Amino acid sequence: MLLEIKNVSKSFDMKGSSLLVIDNFNFSTDKGDLIALTGPSGAGKSTLLHIIGGLDKPTKGSIIFNDIDIYSMKESELNIYRGKNMGFVFQFHYLLEDFTALENIMIPMLIHGAGKHEAEKRAEELIKSVGLYDRKDHYPSELSGGEQQRIAVARALSNKPEIILADEPTGNLDKANSLAVLEILKEQAANGVCVIIVTHDEYIASECKKHIVMQKL
């Protein structure tokens, strides 16, 4: 088992009271799983994704990754874990405007100690895999929304993560670009990466191996 979410709850302090968003949530995933998280706004989908990714500590419960509770780690260890094992794709691409498409893909590798030549070689492989090699020297402002999001997916793959967490990755895209991004994520799952997608798109959910529906409390 790659990942276990065990008895996870999350609440937020709201002006003296407590707002419970996730209550005693459990599920497990393995390598190669393609999972859709769906449900109404406010059901805690994005919050759960952030908890799995080590970005937001649960109020109670455990996230067990490769038999280790990630929230038992020191903050420095958690940062390393996140960078090496998790790839994040958000609804907004968050590309760095002053860097080319290729450089944006290289940055996570450079942060985690890869040499420039190694990072550039890997980035070129990734940008080819998303069909944008001819755009590698373009800046984000010179790319379409769909192209920007495909670069963001390539960036998420740069450190060869075991899990990809995608939060509404097609939310701002037209149908053709949505399908292109979905195919890239499906290919990663076929290659053994666990992919968890928060989505409101019924078609994308139907294409996933597992479908978890979260309810608003």
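Note that the coordinates shown come from a computational prediction; the quantities given were computed from them, not determined experimentally. (Residues numbered from 1 in each chain as written. Predicted model: local features only at pLDDT ≥ 70, side-chain atom pairs only at ≥ 80, totals over all residues. Heavy atoms only, no water.)

K.L.:
Where do I start with the overall build of the protein in this structure?
P.N.:
Scanning the protein from terminus to terminus reveals seven helices and nine strands. On C-alpha atoms alone, the protein measures out to a radius of gyration of 17 Å, which is about the 17 Å that the 2.2 N^0.38 rule sets for 217 residues. Taken along the three principal axes of its C-alpha coordinates, the protein extends 50 × 40 × 35 Å. Taking all 217 residues of the protein together, 50% fall into the buried category. Contacts spanning at least 24 positions in sequence make up 70% of the contacts within the protein whose residues lie at least 6 apart. (Helix = DSSP H or I, 4+ residues; strand = E, 2+ residues; numbered from the N terminus. Rg over C-alpha atoms; globule rule 2.2 N^0.38 Å. Buried < 20%, exposed > 50% of the residue type's maximum accessible area, 1.4 Å probe, protein only. Contact = heavy atoms within 4.5 Å.)

K.L.:
Could you clarify how one ought to interpret the environment of lysine 60 in this entry?
P.N.:
Topologically, lysine 60 is positioned in strand S4 (residues 60–65). In this structure lysine 60 comes out as partly exposed when scored by relative accessible area, which is 48%. Here the alpha-carbon distance between lysine 60 and serine 9, two residues 51 residues apart in the chain, equals 5.3 Å. Among all residues touching lysine 60, those that are not within four sequence positions of it are Asn7, Val8 and Ser9.

K.L.:
Would you explain the pairing of S4 in this entry?
P.N.:
The pairing of strand S1 (residues 3–14) with S4 spans five bridges and is antiparallel. Each residue of the ladder has a partner; that of isoleucine 5, found in S4, is isoleucine 63. Alignment of S4 against strand S5 (residues 68–69), held across two bridges, turns out to be antiparallel. Residue pairing in the sheet places isoleucine 64 in a bridge with aspartate 69 of S5. Remark: two residues form the turn of the hairpin made by S4 and S5, two consecutive strands paired antiparallel; asparagine 66 in that turn has positive phi of roughly 50°. (Pairing = 2+ DSSP bridges.)

K.L.:
Explain the nonpolar core here, please?
P.N.:
The biggest cluster of nonpolar side chains holds 37 residues, and the ones touching the most others in it are Ile105, Ile151, Leu185, Val195 and Ile197. Contributions of two or more residues to this core are made by strand S3 (34–38), helix H3 (101–111), helix H4 (116–129), helix H5 (145–156), strand S7 (163–167), helix H6 (175–190), strand S8 (194–198) and helix H7 (202–206). What leucine 185 contacts, discounting residues up to four positions off in sequence, is Leu34, Val153, Ile164, Ala166, Pro169, Val195 and Ile197. (Core = buried A, V, L, I, M, F, W, Y, C linked by side-chain atoms within 4.5 Å.)

K.L.:
Any chance you could explain the UniProt feature "domain: ABC transporter" (unreviewed entry) in the protein here in plain terms?
P.N.:
As annotated in UniProt, the feature "domain: ABC transporter" (unreviewed entry) corresponds to residues 3–217 in the numbering used here. Taken end to end, residues 3–217 is 36% helix and 26% strand, and its first and last C-alpha atoms sit 24 Å apart. (UniProt positions renumbered as here; feature names shortened; annotations may be inferred.)

K.L.:
Quick question: what am I supposed to make of H5 here?
P.N.:
Along an α-helix, residues three or four apart share an orientation, since each turn contains 3.6 residues. The end-to-end C-alpha distance of H5, which contains twelve residues, comes to 17 Å, matching closely the 16 Å that a straight helix rising 1.5 Å per residue would cover. The element H5 is extensively covered by neighbouring structure, given that eleven of its twelve residues are classed as buried. Residues of H5 that are buried in the fold lie against strand S6 (86–89), H3, H4 and H6. (Expected span 1.5 Å × (residues − 1).)

K.L.:
Mind showing me how you'd approach the packing of aromatic side chains here?
P.N.:
Aromatic ring pairs are reported here in terms of the distance separating the ring centres and the angle at which the planes meet. A full pass over the atoms with the stated rule returns four aromatic pairs. With 6.1 Å between their ring centres and 5° between their planes, phenylalanine 88 and phenylalanine 90 make a pair best called stacked. Assessed through its relative accessible area of 18%, phenylalanine 88 is described here as buried. Relative to tyrosine 94, the ring of phenylalanine 90 has its centre 5.8 Å away and its plane inclined at 75°; by these criteria the two rings are edge-to-face. Here the aromatic cluster, defined as three or more aromatic residues joined through ring pairs, consists of Phe88, Phe90 and Tyr94. (Phe/Tyr/Trp six-rings, centres within 6.5 Å; stacked < 30°, edge-to-face > 60°.)

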